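Chain by chain, the residues:
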Amino acid sequence: MRDVAVVGFSQSVSLRRERNRNEVEILIPVLQELREATGYTNEDLEFVCSGSSDYLAGQAFAFVAGLDAVGAWPPVCESHVEMDGAWALYEAWVKIQMGYADVALVYGFGKPSMGDLPITMALQLDPYTVMPLWPDAISVAALQARLCLDGGVMTDRQMAEAAVRDRAHAKSNPHAQVAGDFDVEGILSEPYLVSPLRKHDCSPISDGASAVLLASSNRAGDFSKRPAWIRGIEHICEPQDLGVRDLTRSRSTEIAAEKAGVGAGRIDVAELSAPFSHQEILVERGLGLGADTTVNPSGGALAGNPLMAVGLARIGEAAARITNGEAERAVAHATSGPCLQQNLVCVLEG
Amino acid sequence: MSQGTDASLTAPHTLSYTYKRSLGPLLGRFFTGLRDRQILGAKRADGSVLMPPKEYDPDTSAALDELVPVGPGGVVKSWAWVSAPRKQQPLDRAFAYALVQLDGADTAFLHVVDAGEESAMQTGMRVTARWSDEATGQITDLTFIPEA
């Protein structure tokens, strides 16, 4: 295996609605910041990979426009995944492992404010037997939350505590959308949004973008004084139908965590991309995190959820804490599909 | 096209994916069953019944071929109360999305329960299928209601 590291990270502020900027205009300053931080030029890039969704833009091949932010010259070897940028990073990592590149740019972007996101998300469900019923993303998550509550797997107080923790952490994150001091009792007295989920259990809807620069060991030092080395990365997918899965645990996170080697040492920092509070608890358990791990120092997805960029941002946030010396070993998580269907786990070390 | 005082030509434009999908052998029979007001699940090698049916077993990847009748009654395994339905959703009044395990099936599937109010919903409650007046062979031919 080749040693590959995250050598740079940048992200936009998560906003409920980017009124005046399209996706390319959101992306341009993010990539500019990455260039300034790492000193990379387009000549350094041997591979470029992005994650985004045509369903958010409402047009086919919408991701092609994103390349305008990268620059037209020199021609790039480029790829795209219709997934969160974390999976684009996985593809770039494979490309570097294969010896096809030493330096790769990865980015993710999404502008879900252009549509009704919870309804748009129904389009990821089985097109024959489920999607025609238009189950919105919050309702689908609520089915899982009730299974967890009814089954005694967790309490709504624990869910509220996860939200309070994340949003308190987010106060020190200038890119966060929902941050502040909330109180568990106050939250539990709120009405349901879609019973049994309250508004605080849900991530915000966010427009935004994130970008990561990856480099192999022979180039990493050119861009970063303290690269965050990827020591394990794995993603696992569960079956499509909700009824054939055990929704009260995240089996795919458990398997990915084991394959990525999460348990091989102390984890200082974990950055989780779970868009609902009960899912965050399931992921935390699936990763096997203990009390000595700081979970979501950035606030995680509950503080800002730029779709298609949020998972990549978790890898970037975890890497940034290694690069600045706060952490020696960190884990980042990204998710895709309904009720944590697919999960990616990435272990990073200084 | 309309031609009034404004002489410019207009035409409707509807954004859509104008593809026709082939359902395949197994789902084809499932949806034909719905048109005939019958719900069919797929029998797996171990004898358990998968609902909704799939052409391939999600655990073993074995091809599935045998369909057996399930329902029309079943048990609510989980539910979410939608107090403010969106315009695309199947009912224009508050309802529940639910995971319903039909009698004779071993997996729950996602559908709609028209219960009137949230207090009428409970995990473990029994529901039964209500068919639309004219079944057309789609999943929306069905709604579930609390069993009397």
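Residues numbered from 1 in each chain as written. Chains lettered and ligands numbered in written order. Predicted model: local features only at pLDDT ≥ 70, side-chain atom pairs only at ≥ 80, totals over all residues.

A.B. asks: Give me the lowdown on the overall build of chain B, citing residues and values where you can.
C.D. replies: Summing up its helical and strand segments, chain B has 1 helix and 8 strands in all. Listed by position from the N terminus, the elements making up chain B come as α-β-β-β-β-β-β-β-β. A burial count over chain B gives 30% of its 148 residues as buried. (Helix = DSSP H or I, 4+ residues; strand = E, 2+ residues; numbered from the N terminus. Buried ≥ 20, exposed ≤ 12 C-beta atoms within 10 Å, placed from the backbone.)

A.B. asks: Could you give me a rundown of the overall build of chain A, with the residues and numbers involved?
C.D. replies: Helices and strands together make up the secondary structure of chain A, namely 12 helices and 12 strands. For chain A, the C-alpha radius of gyration of 19 Å lies close to 20 Å, the compact-globule estimate for 350 residues. Within the span of chain A, comprising 350 residues, buried residues form 59% of the whole. Of the contacts formed within chain A by residues at least 6 apart in sequence, a portion of 79% connects residues at least 24 apart. (Rg over C-alpha atoms; globule rule 2.2 N^0.38 Å. Contact = placed C-beta atoms within 7 Å.)

A.B. asks: Tell me what's going on with the nonpolar core, and back it up with residues and numbers.
C.D. replies: Counting 150 residues, the largest nonpolar core has Val106 and Leu214 of chain A as the members making the most contacts within it. Excluding residues that lie within four positions of it along the chain, valine 106 of chain A makes contacts with Cys49, Gly85, Ala88, Leu89, Ala92, Ala211, Val212, Leu214 and Leu312 of chain A. (Core = buried A, V, L, I, M, F, W, Y, C linked by C-beta atoms within 7 Å.)

A.B. asks: Describe the sheet that holds strand 1 (residues 4-11) of chain A, listing the residues and the values that go with them.
C.D. replies: Note on sheets: strands pair through backbone hydrogen bonds, and any given pair is parallel or antiparallel. All names here are of chain A. Read from one edge of the open sheet, 10 strands run 3-2-4-7-1-8-12-11-9-10, paired in mixed fashion. Each edge of the open sheet is held by one strand with a lone partner, namely strand 3 (78-81) and strand 10 (294-295). Across the face of the sheet, helix 10 (residues 251-260) comes into contact with strand 8 (228-237) and strand 12 (342-349) while running at roughly 30° to strand 12. (Pairing = 2+ DSSP bridges. Axes fitted to C-alpha atoms, helices over the stretch in contact; angles between N-to-C directions.)

A.B. asks: Break down the interface of chain A and chain B for me, with residues and values.
C.D. replies: Often, the extent of an interface is quoted as the loss of accessible area upon association of its parts. With 24 residues of chain A at the contact, the number on the chain B side is 27 residues. Take the side of chain A that touches chain B: its biggest share by element is 6 residues, from helix 6 (residues 137-150) of chain A. Partitioned by chemical class, the residues of the side of chain A that touches chain B number 14 nonpolar, 5 polar and 5 charged. (Nonpolar A, V, L, I, M, F, W, Y, C, P; charged D, E, K, R; others polar.)

A.B. asks: Give me the lowdown on the pairing of strand 4 (residues 103-110) of chain A, citing residues and values where you can.
C.D. replies: All names here are of chain A. In terms of burial, strand 4 is a largely internal element, 8 of the 8 residues being buried. The side-chain alternation of strand 4 yields two buried faces, one formed by Val103, Leu105, Tyr107 and Phe109 and the other by Ala104, Val106, Gly108 and Gly110. Pairing of strand 4 with strand 7 (residues 208-216) involves 8 bridges; the strand directions are antiparallel. Each residue of the ladder has a partner; that of glycine 108, found in strand 7, is serine 210.

A.B. asks: Give a detailed account of helix 6 of chain A, specifying residues and quantitative values.
C.D. replies: Here helix 6 of chain A spans 20 Å end to end across 14 residues, near enough to the 20 Å set by a 1.5 Å rise per residue. Regarding helix 6 of chain A, the residues found buried are Ala137, Ile138, Ser139, Val140, Ala141, Ala142, Leu143, Gln144, Ala145, Arg146, Leu147 and Cys148 of chain A. Among the structural elements, helix 5 (117-120), strand 5 (192-194), strand 6 (197-198) and helix 11 (277-287) of chain A together with strand 4 (73-82) and strand 5 (95-102) of chain B are those in contact with the buried residues of helix 6 of chain A. Positioned one or two residues after helix 6 of chain A, glycine 152 of chain A has a phi angle of 70°, which is positive. (Expected span 1.5 Å × (residues − 1).)

A.B. asks: Please provide a residue-by-residue account of unusual backbone geometry, values included.
C.D. replies: All names here are of chain B. Cis rather than trans, the peptide bond between methionine 51 and proline 52 has omega equal to 0°. Along the chain, proline 52 falls in the loop between strand 2 (49-50) and strand 3 (67-70). Cis geometry marks the peptide bond from glycine 71 to proline 72, where omega comes out at 5°. Counting through the fold element by element, proline 72 comes out in the loop between strand 3 and strand 4.

A.B. asks: Can you explain the packing of helix 4 (residues 85-97) of chain A against helix 12 (residues 310-323) of chain A? Please cite residues and give values.
C.D. replies: Residue and element names in this part refer to chain A. Where helix 4 meets helix 12, the axes come as close as 5 Å, and the angle between the chain directions of the two elements is 65°. Between helix 4 and helix 12, the residues in contact are Gly85, Ala86 and Leu89 and Gly311, Leu312 and Ile315, respectively. Residues belonging to the contact of helix 4 with helix 12 are distributed by class as follows: 4 nonpolar, 2 polar and no charged.

A.B. asks: Residue-level account of helix 10 of chain A, with values.
C.D. replies: Residues and elements named next belong to chain A. Taken residue by residue, helix 10 has Ser252, Thr253, Glu254, Ala256, Ala257 and Ala260 as its buried positions. Contact partners of the buried residues in helix 10: strand 8, helix 11 and strand 12. The first or second residue beyond helix 10 is glycine 261, which carries a positive phi of 80°.

A.B. asks: A description of the confidence of the model for chain B should follow, citing residues and the corresponding values.
C.D. replies: With 96% of its residues at a pLDDT of 70 or more, chain B shows a mean pLDDT of 93. Here the prediction assigns the complex a pTM of 0.95, and the interface score ipTM is 0.93. (pLDDT = per-residue confidence, 0-100.)

A.B. asks: Describe the environment of leucine 67 of chain A, with residues and values.
C.D. replies: Among the structural elements, leucine 67 of chain A can be located in the loop between helix 3 (63-66) and strand 3. Once the C-alpha coordinates of leucine 67 of chain A and valine 48 of chain A are considered, the two residues, 19 residues apart in sequence, prove to be 9.2 Å apart.

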